[in-house]
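So you can see what is in the structure, the chains are spelled out below.
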Amino acid sequence: MKKFWKIGLSAFLAVGLLAACGQEAKNDKPVATEQQTQQETPQVDEATFPMTITDAIGKDVTLEAPPEKIVSLIPSNTEILFELGLNDEIVGVTDNDDYPPEVAEKDKVGGMEYNIEKIIALKPDIVFSHESSMSLSEAAIEQLESAGLKVFVVKNAQDFNETYTTIELLGRATGKLPEAEKIIANMKEKVEDVLTKVKDVEPKKVLVEASDEPTIYTAGNGTFMNAMLDMIHAENVAADAKDWYEISSEQIIAKNPDVIVVTYHYVPDILTKIPQRAGFDTVNAVKNKAIVQVDESTTSRQGPRLGEGLEELAKAIYPEVFK
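Residues numbered from 1 in each chain as written. Predicted model: local features only at pLDDT ≥ 70, side-chain atom pairs only at ≥ 80, totals over all residues. Heavy atoms only, no water.

Draft legend 1. Here's a closer look at the sheet that holds strand E3 (residues 70-72). Taken together, the five strands give an open sheet; going across it, the order is E5-E4-E3-E6-E7, and neighbouring strands pair in parallel fashion. Of all strands in the sheet, those with a lone pairing partner are strand E5 (107-108) and strand E7 (151-154), marking the two edges. In this sheet, strand E6 (residues 126-130) lies alongside E3 in parallel orientation, the contact comprising three bridges. Across the sheet, residue Ser72 finds its bridge partner in E6, namely Phe128. (Pairing = 2+ DSSP bridges. Helix = DSSP H or I, 4+ residues; strand = E, 2+ residues; numbered from the N terminus.)

What follows is the structure in structure tokens.
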């Protein structure tokens, strides 16, 4: 249970404090709007090799051919790579990877800390790291590059458009551009469907919990979660502060959310425990039995299932719209 707690909270903080998964995430970007999500991803030419691509830290990485062996160092990258059809090419993933089920068959290279020697021993053509708290340190990158490995740091996406760009970039880098474009098109279709259903809703006040008391963390302004709430016309009562931050029970009571969205699963029966907190009987979410649990992975990982996560979040907040 403790391990799940650490993994779950780290994944959420990676977008904001997250910064889940070491550079800090950049959270001063405007949140995604409905208009932004409907923008078309820029058209790109067919990927050709050799190619040089620039990563999130401004480093140029030259690839002579599509990689035949890949190591992924964050679950969101791993999900994208599998969806691109690179099961055979993926040789290493992290201890935190749990989707798709095929990740269980892959060599593990660590979780909160990486086994650099094992990564080198796997002899990957490229290592996909990430621009967040779970990124490789500068020293680790230098160690891998000194061993002849190429390391590409993926941007910590702050909205759907940046997620689309990440998928397109990984598709280019792996010779799977058509597959990437199909993934993006499917995600956009799902997002458009969700936004259409909630376009006329009466906005509700929402609080997102990423951990239980005594240390409750919530999503503030500048987080991917806040961007998703904004897209579906939900008012984030915690948006008066930035990033993922600690909030007290007293503050939650004062903010009086209509809905409390729980993103963690490490506490058994949490949906029955929250109403029992001192003073929570006055909170609208408790009075209206509107405390709901969502899947942490689909609602936080910047990957192919994010459209499903947006739908799950919308259903949790506006169940009446999806009946």
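This is not the end of the story, as more comes after the structure.
Draft legend 2. Inspection of the packing of aromatic side chains at higher detail. Evaluated as defined, the whole model comprises four aromatic pairs. Taking 6.1 Å as the distance between ring centres and 75° as the angle between the ring planes, the aromatic pair formed by Phe128 and Phe152 counts as edge-to-face. You can see Phe128 sitting in strand E6 and its partner Phe152 sitting in strand E7, a full 24 residues away along the chain. Ring geometry for Phe160 against Phe224: centres 5.8 Å apart, planes inclined by 65°, an arrangement best described as edge-to-face. With Phe160 in helix H6 (residues 160-173) and Phe224 in helix H8 (residues 224-231), the pair connects residues that are 64 residues apart, well separated along the chain. This pair shows no difference in class: Phe160 is buried, exactly as Phe224 is. Clustering of aromatic rings is evident, with ring pairs tying together Phe160, Tyr164 and Phe224. A cation over a ring is seen here: Arg305 above Tyr99, with NZ or CZ 3.7 Å from the ring centre. (Phe/Tyr/Trp six-rings, centres within 6.5 Å; stacked < 30°, edge-to-face > 60°. Buried < 20%, exposed > 50% of the residue type's maximum accessible area, 1.4 Å probe, protein only. Lys NZ or Arg CZ within 6 Å of the ring centre and 35° of its normal.)

Draft legend 3. Geometry of the environment of Leu271. Structurally, Leu271 is set in helix H10 (residues 270-273). On a C-alpha basis, the gap between Leu271 and Val261 in space is 9.8 Å, while along the polypeptide they are ten residues apart. Apart from the residues within four sequence positions on either side, Leu271 is in contact with Val262, Ile291, Val292 and Gln293. (Contact = heavy atoms within 4.5 Å.)

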